[in-house]
Amino acid sequence: MSTQTRSPSFRKALTGRSVGIRPPWSSEATIKSDCTSCSRCIDSCPEAILKPGPANTPVVDFSAGACTFCKACAEACPEPVFSSTDACPWTLAAQISDGCMLSIGIGCQLCTDVCDQSALRLDLRVRPVGRIAINQDACTGCGACLPLCPTDAITLGDYAHEG
Ligand code: SF4
Ligand code: SF4
């Protein structure tokens, strides 16, 4: 995983959510109503991708790594902030903009190579160098692809996953 750091403006651009992405199985509403800023979720994350956000409440920093959905954050929280981990962790999926290198004719497959879900695929039917096709239903929103994109063309956005 890249250790490349990203600016605050990049993080805001991830979803357009002004405070950033909340941990899986949590929501802005439950963070606001029940989070005591105790940091147990942040301290428990083995990937170290949870950071203190507004009022020291947790936000995800994908520049530090990807979410493995290990559930450690949800299990560490003593308050009713996290919903059942049997459910879908969040409504996030990758989106790609025209800033992709392929859009200007430069070959690149960094994101397809890292995606364990095969949610990103190089569609070679699009000339001259192909285009990244995203299967948003297969995408878990893990964020592994985000820091690898040299042009910040991939973002995570809300998506209603099937099933
Ligand atoms: S599910 Fe695991 S990897 Fe993902 S944010 Fe929670 S503790 Fe970190
Ligand atoms: S967010 Fe994760 S699952 Fe989705 S396309 Fe990127 S690497 Fe694949």
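Residues numbered from 1 in each chain as written. Chains lettered and ligands numbered in written order. Predicted model: local features only at pLDDT ≥ 70, side-chain atom pairs only at ≥ 80, totals over all residues. Heavy atoms only, no water.

**Some remarks on the confidence of the model for the chain**
Definition in use: Values of pLDDT, ranging from 0 to 100, describe the predictor's confidence in every residue of the model. A contact between two residues is defined here by any heavy atoms of the two lying within 4.5 Å.
On average, residues of the chain score 89 in pLDDT, and 88% of them are at 70 or above. For the stretch residues 1–16, pLDDT sits under 50, and the model shows 31 contacts to residues farther than four places along the chain or on other chains.

**A closer look at the site of ligand 1**
Short version of the rule: We call a residue near a given molecule or strand whenever any one of its heavy atoms falls within 4 Å of it. Only Asp, Glu, Lys and Arg are considered charged, only Ala, Val, Leu, Ile, Met, Phe, Trp, Tyr, Cys and Pro nonpolar, and every remaining residue, Gly among them, polar.
Surveying the vicinity of ligand 1 reveals 14 residues, the closest of which are Cys 45, Cys 67, Cys 70, Lys 71 and Cys 73. Considering only residue class, the shell around ligand 1 consists of 11 nonpolar, one polar and two charged.

**Looking at the site of ligand 2**
Near ligand 2 the following residues occur: Ala 94, Cys 115, Gln 117, Ala 119, Leu 120, Cys 139, Thr 140, Gly 141, Cys 142, Gly 143, Ala 144 and Cys 145. For the shell around ligand 2, a count of residues per class yields eight nonpolar, four polar and no charged.

**With respect to unusual backbone geometry**
A negative phi angle is the norm for most residues apart from glycine, just as the trans form is the norm for most peptide bonds. Applied cut-off: Per the convention used, a helix needs a DSSP run of H or I reaching at least four residues, while a strand needs a run of E reaching at least two, with both numbered from the N terminus.
A cis amide bond links Arg 127 to the next residue, Pro 128, at an omega of 5°. A positive phi angle is found at Ser 37, which is not glycine, with a value near 60°. Examined against the element boundaries, Ser 37 turns out to sit in the loop between helix 2 (28–34) and helix 3 (40–44).

**Things to note about the environment of Gly 107**
Turning to its location among the elements, Gly 107 is positioned in the loop between strand 3 (92–96) and helix 5 (110–114). In this structure the C-alpha to C-alpha distance between Gly 107 and Gly 130, which are 23 residues apart in sequence, comes to 7.8 Å.

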